[in-house]
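The chain contents come next:
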Amino acid sequence: MTHATRGDPSKGTQGGKAPRTLHLAARLERNPGMPLDLESLQRLRVNRSAVERRAATIPTRRTVKREWQAAWLLRAITCLDLTTLAGDDTGHTVRRLCAKARQPLRQDLLEALGVTHLEIKAAAVCVYHRHVATAVEALAGSGIPVVAVSAGFPAGLSAFSQQLDEIHASLQAGAREIDVVITRAHALRGDWETLYEELRAFRQACGDALMKVILATGELATLSNVARASRVALMAGADFIKTSTGREPVNATLPVGIVMVRAIRDYLEQTGVATGFKPAGGIRTAKSALSWLYLMKEEMDDRWLRPELFRIGASRLLSDIERQLEHFVTGRYSAAHRHPMI
Amino acid sequence: MSTVPEIFETMEYGPAPESDAAALSWIKQRGGQFGLFIGGQWVKAESGQSYDSVNPATTEPLARISQAGGADVAAAVQAARAAFPNWSSVPGHARARHLYALGRAVQKHSRLLAVLESLDNGKPIRETRDLDIPLVARHFYHHAGWSQLLETEFTGYVPVGVVGQIIPWNFPLLMVAWKVAPALAAGNTVVLKPAEFTPLTALAFAEITRDAGLPHGVFNVVTGDGETGKLLVEHPDVDKIAFTGSTEVGRFIRHATAGSGKRLILELGGKSPFVVFDDADLDSVVEGVVDAIWFNQGQVCCAGSRLLVHEGIAERLLDKLRARMEKLRVGPPQDKAVDMGAIVAPVQLERIRELVNRGVEEGAAMWQPSWACPTEGYFYPPTLFTNVSPAATIAQVEIFGPVLVSMTFRTPAEAVELANNTTYGLAASVWTENMNLALDIAPRIKAGVVWINSTNLFDAASGFGGYRESGFGREGGREGMWEYLRPDWEEGAGSAERAPQARPERQAGTATEPLSAPGSPLPQVDRTYKMFIGGKQCRPDSGYSRTVRTPDGQRLSEVGEGNRKDIRNAVEAAHAAAAWGRDSSHYRAQILYYVAENLSPRTDEFARLIHAMTRCGAEAARHEVEASISRLFTYAAWADKYDGAVHDVPLRGVTLAMNEPIGVMGLVAPDEYPLLGFISLVAPAIAVGNRVVAVPSEVHPVAAAELYSVLETSDLPAGVVNIVTGSKDTLTKVLAEHADVEGVWFFGSADGASEVERASASNLKRTWVDTRLRDWFDVRQGEGREFLREATQVKNIWIPYGE
């Protein structure tokens, strides 16, 4: 896949040269996981009120304007797992999504922004297993990986063997990333051993594919549970932890994000392994995408502003970003119909 | 100029300035200079003097400000006095409408005020926009409510009069609101002296009051430096001074107003502890520290400036803290994406630098982030000191800048000891996920505000104010309203001031009853009244006795001639009895009932003593003893009923307003009603958990001295009540000067009261002096909530919750 952004800009990829293609797995050390450390789970403390106060000031302590905002929004696009998980998806709508992933912005906007050489594109396309093959075909040559939601998405209550089969099938169909869901009951009952074993098995099934573990935080009841589940997922070898399926009553929120990101930070301190974060669900505005970027920059560092370690799972977000970028370019407020639909 | 592709790579933050155009043009429209706001008009200062208010981020002058002189302050006080009769007598609802309008107006002009504040003070626009100005509006709305409810909720109370208010530069407009809203709500009129460095928002607010139709003279503004403040403090027609600022100036004000009859509230400095236990959410602790010491560049009186950390987690926490400090952004205050702006003025910047240098010289390890501060303007980076001992200057002195000192502890007890190892007592922050621990520690820290797992939370419904040398009085909530009210019975009583050492007018008694039973063939057994210290009868240290005489000059008895050492011993005994304050109020009630029970059978004996001393008549004397027994019952009744409150603040959590005892108090009893007056002071003080050193009437000490024989039989723990007889002036002075006495009540002459107030400045102890003759039989004057309020201080404990 392509991440022109990782390179030295002076060496450049201007003039439509072939993109430098590197597979994620080859560039970043995978998270091998570690033995389940129950004692560290017991020690975890999350003060909800304090976390919420922190969350409330993430969007008020930081902001980006003008060129900075435009650049940051472009960056947000490159971190986008462009997603369609609708029951009425057809091959046609999936192909449309893939086309949008390849070319998320109107050419004239790219030119006005002076970023044609950056080859701005979405980080990945995220679909159900049934549409993996279609998406892989539609994205051929783009370097954009296909993500399959899996393991009984969204509730995670399929038979365990079927969950594993589903992962294998998606890999065979060409998915390079697998977003698995956890069994919420294990977390709610505090049965961390079982959750750990389940995720170890998923991780093994994923092989070389990136595994993102969806915690479905909207169903975990407390931030303490979110903190513990995050740690278990990382110990089990998750490459990313992800907030939501988009189907829970509460989607990605900044307080949840803070708790998960701090788990990633702790894990990094403890093991030296950098793992990724993916908020998903309910992120529809450019402004909220920026808040997530502030969160990553403030609580982590700039490495977490890149798709290797940060993704935003969204479908409608791109449309708002397009409008904001056009506003930056023209100084006039834009309209959705001026931008190619998904 | 950075380009989009460049920023796309660097992912840096860029400038995000809030425009200052509207605020600068607002200043310009006013000619770039401001007069004084007196009687609803802008007037030129008689003094003819002026100075520049400077933008500390650019060092550019913003506006020319008038320096009010004596004639100007006098004119403002006169305007406030003239407005008082009408403002204080209109219905509460009318004042409520005015305060409501002020809250509305603040919201309507919120951004202008936020930008002006940021320009004048140097604090980040984020803070003025999101914290200062919304809280200002909140204070006016909240107090509009108190105004509406005043007649029913504060029945029997009237406004104090003309209030002089002097506020600091760290929260210029917020302090206007904290001071002005309750004062106006209660029906007072105000002369406000904003801080020299930051007058602009107060002047803008003056304009707002005028436009909102506040009656002329109700609110007046005199600008200037400390000299102007001094003129206001010393003006004879000011009834009350409310001051927020340094402890040094607070002490001066206490001195300057001693004996003037002016009421006083002081909200002073702090060196507030930020206590972190090993089970805290450390990442949240780090953000708490940011909010504690890097909020408003650390120029916050209640800043959590002493980080006390459990040894086992100290290194881990400090590592996290250093990492967080690297992420802080210091820059132009109007930039919407900075965490810290500029220090208010060069003098403050210099003080911070000096103290930091001192810290380094004294061997503490200093750490600052790797990035550099802007060099134009008065900026200072966030600074962390480790390896700090309690003896270090930086651990003791209020720095009032973005400088944190950290120390470690091993046990909760040691944490409390370190937390209280300061002359201040403004606020504290306690971090633990163990509720048992949090609620155990909060009452043991000497501070007016304790935040559990949080810091620097403020609201109009919750009282704010200090213990110890952080001042006294509360701002906000019901407790804050009392500061601007006084009992209405005082209206007439003011004229009946005591002459110095006056013998109270008493009904001349006709019967002369001897102390021993008449007709006994034996000589009377000698009765020696000793001191009562630490539960023991002690001879006076001096070895002298003083003769007590009847009004007609007959020798009645002797009492010990107490001296400084007796007071010293009594104070130590009182401190040793600290458990009394922690005992249950039910237990304290039982003891008070028991004292009454044991006094009751000795009614005749005490009546004889009273009559013998005062010749008041047998009936009157008996009446006094019975009233004393009733008074003991009153406070036995109150002991378990003087509840605190749960304030309704906008927070998921509770704010507990706890009435805590002041500690060790000196009580100097009035000469009138030698038993009832004495018990009227001792009973409320001990009912709420204080331990007292009580000085009976100098002229009529015997009944109070005899009382120890009652106390001894009533299971009162040793040291709770200590009685020292002798010269009122001598003993009062020792008590008022004693650094380990936390409060003094004085009922006596104006000179004596003045001495108490003056001497109290040394440790800013709470004083309650009354030079009027109270009718101690009148339950409104002689007992009740007024006494209980004076015997307690409110601690607000903020407990956010939620899992």
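Residues numbered from 1 in each chain as written. Chains lettered and ligands numbered in written order. Predicted model: local features only at pLDDT ≥ 70, side-chain atom pairs only at ≥ 80, totals over all residues. Heavy atoms only, no water.

Here the focus is the overall build of chain A. Within chain A, the secondary structure is distributed over 14 helices and eight strands. Here the C-alpha atoms of chain A give a radius of gyration of 19 Å, agreeing with the 20 Å that 2.2 N^0.38 yields for 342 residues. Dimensions of chain A, computed from C-alpha atoms along their principal axes, come out at roughly 55 × 45 × 40 Å. For chain A, with 342 residues in total, the buried portion stands at 59%. Sequence separation of 24 or more characterises 77% of the internal contacts of chain A that already satisfy a separation of 6 or more. Carbon and sulfur atoms provide 51% of the accessible area of chain A, an area that totals close to 12,800 Å². Charge-centre separation for chain A: the mean point of 46 positive side chains lies 5 Å from the mean point of 35 negative side chains. (Helix = DSSP H or I, 4+ residues; strand = E, 2+ residues; numbered from the N terminus. Rg over C-alpha atoms; globule rule 2.2 N^0.38 Å. Buried < 20%, exposed > 50% of the residue type's maximum accessible area, 1.4 Å probe, protein only. Contact = heavy atoms within 4.5 Å. Areas by Shrake-Rupley, 256 points an atom, 1.4 Å probe, with all protein chains shown as cover. Lys, Arg positive; Asp, Glu negative; His and termini not counted. Charge placed at Lys NZ, Arg CZ, Asp CG, Glu CD.)

The next point concerns the confidence of the model for chain B. Residues and elements named next belong to chain B. Residue-level pLDDT values for chain B average 95, and 96% of them are 70 or greater. Note on residues 499–514: pLDDT under 50 across the span, and 30 contacts to partners over four residues away in sequence or across chains. Scoring of the predicted complex yields 0.94 for pTM and 0.94 for ipTM. (pLDDT = per-residue confidence, 0-100.)

The subject of this paragraph is the packing of helix α4 (residues 92–108) of chain B against helix α6 (residues 125–153) of chain B. Residues and elements named next belong to chain B. The contact between α4 and α6 brings their axes to 7 Å, and the two run at 170°. Taken together, the axes of α4 and α6 lie roughly antiparallel to each other. Here α4 contributes G92, H93, R95, A96, L99, Y100, L102, G103, R104, V106 and Q107 to the contact with α6, which in turn contributes I133, V136, A137, F140, Y141, H143, A144, S147, Q148, L150 and E151. (Axes fitted to C-alpha atoms, helices over the stretch in contact; angles between N-to-C directions. Parallel < 35°, antiparallel > 145°, perpendicular 65-115°, else oblique.)

Another point: the environment of B:L119. Residue position: B:L119 is located in helix α5 (residues 110–121). B:L119 sits 539 residues away from B:M658 along the chain, and the two C-alpha atoms are 39 Å apart.

Across the contact, 45 residues belong to chain B and 51 residues belong to chain A. Both sides of the chain B and chain A interface together cover about 4,200 Å² of buried area, and 50% of this is carbon and sulfur. Between B:D283 and A:R265 there is a salt bridge whose closest N-O contact spans 2.6 Å. Along the contact surface separating chain B from chain A lie 23 residue pairs in polar contact (both at pLDDT 80 or more). Where the side of chain B that touches chain A is concerned, the elements lending two or more residues are α1 (4–10), α6, α11 (282–293) and α12 (311–327) of chain B. Its residues assigned to classes, the side of chain B that touches chain A shows 18 nonpolar, seven polar and 20 charged. (Buried area = accessible area lost by both parts, 1.4 Å probe. Salt bridge = Lys/Arg side-chain N within 4 Å of Asp/Glu carboxyl O. Polar contact = N/O pair within 3.5 Å; in protein donor to acceptor, adjacent residues only side chain to side chain. Nonpolar A, V, L, I, M, F, W, Y, C, P; charged D, E, K, R; others polar.)

Once that is clear, we can look at the nonpolar core. Considering soluble globular proteins, one finds that nonpolar side chains tend to be buried as a cluster. In this structure, B:F219, B:V276, B:W294, B:L307 and B:L321 are the most contacted members of the largest nonpolar core, which totals 115 residues. When residues in this core are grouped by element, the largest group, 11 residues, is from helix α7 (residues 172–185) of chain B. Apart from the residues within four sequence positions on either side, B:F219 is in contact with B:F37, B:V180, B:V190, B:L192, B:F205, B:A206, B:T209 and B:L214. The next biggest cluster of nonpolar side chains, apart from the first, holds 107 residues, and it includes A:L74, A:A209, A:M300 and A:F310. (Core = buried A, V, L, I, M, F, W, Y, C linked by side-chain atoms within 4.5 Å.)

All right, on to the pairing of strand β7 (residues 162–166) of chain B then. All names here are of chain B. The buried fraction of β7 is high, at five of five residues. The two faces of β7 match: V162, G164 and I166 on one face and V163 and Q165 on the other face are all buried. Both β7 and strand β8 (residues 189–193) contribute to a ladder of five bridges, which runs parallel. Bridged to V163 within β8 is V190. With α7 bridging β7 and the parallel β8, this β-α-β connection has right-handed handedness. Of the pairings in the sheet, the one linking β7 to strand β10 (residues 240–244) comprises four bridges and is parallel in character. Among the inter-strand pairings, I166 is bridged to a residue of β10, identified as F243. (Pairing = 2+ DSSP bridges. Right-handed = clockwise from strand over helix to strand, strands pointing away.)

Looking now at the pattern of salt bridges. Per the stated rule, a full pass over the model turns up 80 salt bridges over all chains. The closest approach of N and O atoms between A:R62 and B:D339, which form a salt bridge, is 2.5 Å. Placement of A:R62 in the loop between α3 (48–61) and α4 (66–78) and of B:D339 in the loop between α12 and α13 (346–361) is noted, with the two residues assigned to different chains. Each of A:R54, A:R231, A:R262, A:R265, A:D266, A:E269, A:E299, B:D283, B:E287, B:R316, B:K320 and B:R324 takes part in salt bridges that share partners, so that together they form one network.

Looking at chain A, pLDDT values average 93 and 92% of them are 70 or higher. Taken as a whole, residues 1–26 of chain A scores under 50 in pLDDT and shows 46 contacts with residues more than four places along the chain or in a different chain.

So, on to the packing of aromatic side chains. Residue and element names in this part refer to chain B. One pass over the full model with this rule turns up 34 aromatic pairs over all chains. Measuring from ring centre to ring centre gives 4.8 Å for F154 and W482, while their planes differ by 80°; the resulting arrangement is edge-to-face. Within this pair, whereas F154 is found in the loop between α6 and β6 (157–159), its partner W482 is found in the loop between α17 (477–481) and β20 (485–487), the two being separated by 328 residues in sequence. Comparing F154 with W482 shows no difference in burial state: the two are buried. Centre to centre, the rings of W745 and F787 are 6.4 Å apart; their planes meet at 75°, and the pair counts as edge-to-face. On the criterion of sequence distance, the pair formed by W745 in strand β30 (residues 743–747) and F787 in helix α29 (residues 785–790) is long-range, its members being 42 residues apart. (Phe/Tyr/Trp six-rings, centres within 6.5 Å; stacked < 30°, edge-to-face > 60°.)

What follows concerns unusual backbone geometry. Across the junction of A:F153 and A:P154, the peptide omega takes the value 0°, indicating a cis bond. Locating A:P154 in the fold gives a position in the loop between β3 (146–150) and α8 (160–172). In this structure, B:T59 takes a positive phi of about 65° despite not being glycine.

Turning our attention to the sheet that holds strand β25 (residues 645–647) of chain B. Residues and elements named next belong to chain B. Taken together, 10 strands build an open sheet; the order of strands is β14-β15-β16-β13-β12-β17-β18-β32-β26-β25 and the sheet is mixed. Looking at the sheet topology across the chains shown, the edges are occupied by β14 (365–367) and β25. Strand-to-strand twist in this sheet, taken as the mean axis angle between neighbours without regard to direction, amounts to 25°. The sheet contact formed by strand β12 (residues 272–276) and strand β13 (residues 304–310) spans five bridges and is parallel. Bridging from a neighbouring strand, V275 pairs with L308 of β13. Packing against the sheet, α12 makes contact with β12, β13, β14, β15 (383–386) and β16 (403–409), and its axis sits at approximately 135° to β13.

Residues and elements named next belong to chain A. Across the sheet, eight strands lie side by side as β7-β6-β5-β4-β3-β2-β1-β8; this open sheet has parallel pairing. Since the sheet does not close on itself, it has two edges, and those belong to β7 (276–278) and β8 (312–314), each with one partner. Taken pair by pair, the neighbouring strands of this sheet meet at an average axis angle of 25°, ignoring direction. Of the pairings in the sheet, the one linking strand β2 (residues 124–127) to β3 comprises three bridges and is parallel in character. Its bridge partner being in β3, V127 is matched across the sheet by A148.

So, about the environment of A:H337. Inspection of the secondary structure assignment puts A:H337 in the segment after α14 (317–330). Measuring from C-alpha to C-alpha, the distance between A:H337 and A:S319 comes to 9.4 Å, with 18 residues separating the pair along the chain.

Now for the side chain of B:Q348. Residues and elements named next belong to chain B. Topologically, Q348 is positioned in helix α13. Take Q348: its relative accessible area is 9%, and that puts it in the buried class. Those residues within four positions of Q348 in sequence are excluded, and the remaining contacts are W169, Q299, I343, I399 and F400.

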